[in-house]
Amino acid sequence: MRGSTWRVLLRHILPNVLPNVLVLATFALGTAIVMESGLSFVGLGVPTDTPTWGRMLSEGRDYMDTAWWLTVFPGSCIFCSCCRSTCSANNCAIRRTEAEPALNTPFALIR
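Residues numbered from 1 in each chain as written. Predicted model: local features only at pLDDT ≥ 70, side-chain atom pairs only at ≥ 80, totals over all residues. Heavy atoms only, no water.

**Observations regarding the confidence of the model for the protein chain**
Note that predicted coordinates carrying low pLDDT should not be read in detail. The share of residues in the protein chain with pLDDT of 70 or more is 87%, and the mean pLDDT across the chain is 83. Per-element confidence in the protein chain ranges from a low mean pLDDT of 85 for helix H3 (residues 69-99) to a high of 92 for helix H2 (residues 53-60). This stretch, residues 107-111, has a pLDDT under 50; its non-local contacts, to residues over four places away or in other chains, come to three contacts. (pLDDT = per-residue confidence, 0-100. Helix = DSSP H or I, 4+ residues; strand = E, 2+ residues; numbered from the N terminus. Contact = heavy atoms within 4.5 Å.)

Here it is in structure tokens:
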């Protein structure tokens, strides 16, 4: 008894791969936010007419003595977004290991 390729993919492979892909995607989201804001900060990001957190930090750098909020709020948004993305990835990974206790063993992949 053999199932079709799509049936095997959707029924057996996808449910086992999807949690890992979600964890990696949420970790990559934080990395992408930091990379984009860093590139925008030094002027290598998206075009100048598009507002980004990195560009806001760069433009507010000259006014830190008089208008500190021009850099604090975009920087806080970058920090909070990256922390939230990382916490979401950690929560997904913890739920995955709690759902399958066999993954907590040292040699979980060797069966």
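**Looking at the environment of arginine 61**
By secondary structure assignment, the location of arginine 61 is in the loop between H2 and H3. A relative accessible area of 45% places arginine 61 in the partly exposed class. Along the sequence, arginine 61 and threonine 71 sit ten residues apart, while their C-alpha atoms lie 6.6 Å from each other. If near-sequence neighbours (up to four positions away) are discounted, arginine 61 is found in contact with Phe41 and Thr71. (Buried < 20%, exposed > 50% of the residue type's maximum accessible area, 1.4 Å probe, protein only.)

**Quick look at the environment of glycine 43**
Note that glycine 43 resides in the loop between helix H1 (5-42) and H2. What makes glycine 43 exposed here is its relative accessible area of 51%. C-alpha separation for the pair glycine 43 and serine 58, spaced 15 residues apart in sequence, amounts to 8.4 Å.

**Structural notes on the packing of aromatic side chains**
The full count for this structure, using the stated rule, is two aromatic pairs. Ring geometry for tryptophan 68 and tryptophan 69: centres 5.8 Å apart, planes at 80°, overall edge-to-face. Look at tryptophan 68 and phenylalanine 73: their rings are 6.2 Å apart centre to centre, the planes differ by 45°, and that puts the pair in the tilted class. Looking at tryptophan 68, the relative accessible area reads 46%, which means it is partly exposed. One aromatic cluster is present, built from ring pairs that chain together Trp68, Trp69 and Phe73. (Phe/Tyr/Trp six-rings, centres within 6.5 Å; stacked < 30°, edge-to-face > 60°.)

**Overview of the side chain of arginine 55**
Counting through the fold element by element, arginine 55 comes out in helix H2. Put simply, arginine 55 is tucked away with no salt bridge, and the nearest opposite charge, on glutamate 59, sits 5.0 Å away. One polar contact links the side chain of arginine 55 to the main-chain carbonyl oxygen of proline 47, over a distance of 3.4 Å. Setting aside its immediate chain neighbours within four residues, arginine 55 contacts Ser40, Phe41, Val46, Pro47, Thr48 and Thr50. (Lys, Arg positive; Asp, Glu negative; His and termini not counted. Salt bridge = Lys/Arg side-chain N within 4 Å of Asp/Glu carboxyl O. Polar contact = N/O pair within 3.5 Å; in protein donor to acceptor, adjacent residues only side chain to side chain.)

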